[in-house]
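Notes for the structure review
Take a look at the letters that make up each chain.
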Amino acid sequence: MNSFSVKNVNQIFGTGTAKVHVLHDVNFEADPGSLSLIMGPSGSGKSTFLTIAGGLLTPTSGTVKVNGISYNERSKKERDALRLDSIGFVLQEYHLLPYLTIADQFKLVDKVKPNGNLSPDELDDVLETLGIKSLLNKYPAELSGGQQQRVAIARALYPNPAIILADEPTAALDSSRVSVVAALLKNLAVKHNKAVVVVTHDARLIESADHLYEMSDGYLSVKEPVNNY
Ligand SMILES: Nc1ncnc2c1ncn2[C@@H]1O[C@H](COP(=O)(O)OP(=O)(O)OP(=O)(O)O)[C@@H](O)[C@H]1O
């Protein structure tokens, strides 16, 4: 069971006159089998939240727990292992390596984490679903932004993580691709029992969400899943 909880998290960047209080007492929980959507305007703190949630940034105060254990209680090595084994990031920058073909981006994952990744057939299904199977021999620079985004999603799913944290995973996609990605994320939550957390501006994802939250000026609140956007 890979449940995930954020308690009383505050994030302050800078000091003195440059001080910005970006997250205010944020509380959040996600359980396996659910897709949580966090919406909010640009600059409201969504990416900062996701970075803290994934243990890439230690908050000014508050705790983040995965399976009941706080990141603070783990050594750096344990945190790195947890991220590698349990958390799949889909970040705004795609972080594809420019000198590797798309196929080799996946082989690189095998080198870092040799076990527990999707089987070749499972990866094939994901690539097929995302419509990127024909791109395996290309380099990132030969792909459109939307294609790179879909490769980045497939690469995040390849290690078969229990928790998926996605930052604007549909920003570069047209409507038909948005539906495909939304269905894929929903399927991962419901059929594969993963905890999926997506931060986005994209109101087209609302209908797939089990839980809807709003981030506003660094305050996170629960929103009823109604089409207020
Ligand atoms: N390292 C940093 N140092 C100082 N301020 C920062 C830092 N990172 C983020 N901020 C500020 O924190 C606020 C929230 O930024 P964040 O990127 O979390 O917002 P967001 O809701 O994800 O926005 P967007 O949707 O545009 O990505 C912004 O005012 C931003 O300028």
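A brief report on the enclosed structure follows. All values reported here derive from a predicted model rather than from experimental measurement. (Residues numbered from 1 in each chain as written. Predicted model: local features only at pLDDT ≥ 70, side-chain atom pairs only at ≥ 80, totals over all residues. Heavy atoms only, no water.)

**Re the packing of aromatic side chains**
Scanning the model with the defined rule gives four aromatic pairs in all. Summarising the aromatic geometry, the rings of Phe-4 and Phe-28 are spaced 6.4 Å apart at their centres and angled 75 degrees between planes, so their arrangement reads as edge-to-face. Of the two residues, Phe-4 is situated in strand β1 (residues 4–13) and Phe-28 in strand β2 (residues 20–30); the sequence distance between them amounts to 24 residues. Of the two residues, Phe-4 and Phe-28, both sit in the buried class. Joined through ring pairs, the aromatic side chains of Phe-4, Phe-28, Phe-49 and Tyr-213 make up one cluster. (Phe/Tyr/Trp six-rings, centres within 6.5 Å; stacked < 30°, edge-to-face > 60°. Helix = DSSP H or I, 4+ residues; strand = E, 2+ residues; numbered from the N terminus. Buried < 20%, exposed > 50% of the residue type's maximum accessible area, 1.4 Å probe, protein only.)

**As for the sheet that holds strand β7 (residues 163–167)**
Strand pairing in a sheet relies on backbone hydrogen bonds. The paired strands run either parallel or antiparallel. Across the sheet, which stays open at both edges, the six strands sit in the order β6-β7-β8-β3-β9-β10 with mixed pairing between neighbours. The two strands at the open ends of the sheet, each matched to only one other strand, are β6 (87–90) and β10 (219–223). The mean inter-strand angle of the sheet, taken between neighbouring strand axes irrespective of direction, is 20 degrees. Bridge count for strand β3 (residues 34–39) against strand β8 (residues 195–200) is six bridges, and the pairing is parallel. Directly across from Met-39, in β8, lies its bridge partner Thr-200. With respect to the sheet, helix α2 (residues 76–86) is in contact with β6 and β7, its orientation differing from that of β6 by roughly 75 degrees. (Pairing = 2+ DSSP bridges. Axes fitted to C-alpha atoms, helices over the stretch in contact; angles between N-to-C directions. Contact = heavy atoms within 4.5 Å.)

**Re empty space enclosed by the protein**
Per the counting criterion, the structure on display carries two cavities of 30 Å³ or more. For the largest cavity, the calculated volume is near 60 Å³. In this structure, the largest cavity is lined by Gly-55, Leu-57, Thr-58, Pro-59, Gly-62, Thr-63, Val-64, Tyr-71, Asn-72 and Arg-79. With three residues, strand β4 (residues 61–66) is the largest single contributor of residues to the lining of the largest cavity. Its residues placed into classes, the lining of the largest cavity shows four nonpolar, five polar and one charged. One number sums up the size of the second largest cavity: a volume of about 40 Å³. Every residue lining the second largest cavity is listed: Leu-35, Leu-37, Ala-182, Leu-185, Val-198, Leu-205 and Ser-208. (1 Å grid on protein atoms, 1.4 Å probe; cavity = no way out; pocket = protein on both sides within 12 Å on 5 of 7 lines; lining within 4 Å. Points joined across faces, edges and corners; volume = space filled by probe spheres on them. Nonpolar A, V, L, I, M, F, W, Y, C, P; charged D, E, K, R; others polar.)

**Re the site of the ligand**
Around the ligand sit Phe-13, Val-22, Pro-41, Ser-42, Gly-43, Ser-44, Gly-45, Lys-46, Ser-47, Thr-48, Gln-92 and His-201, and that is every residue in its neighbourhood. Lys-46 places a side-chain nitrogen or oxygen 2.9 Å from an oxygen atom of the ligand. One nitrogen or oxygen atom from the side chain of Ser-47 is found 2.7 Å from an oxygen atom belonging to the ligand. It is helix α1 (residues 46–53) that provides the largest number of residues to the shell around the ligand, a total of three residues. Broken down by class, the residue content of the shell around the ligand amounts to three nonpolar, eight polar and one charged. (Near = heavy atom within 4 Å. Polar contact = N/O pair within 3.5 Å; in protein donor to acceptor, adjacent residues only side chain to side chain.)

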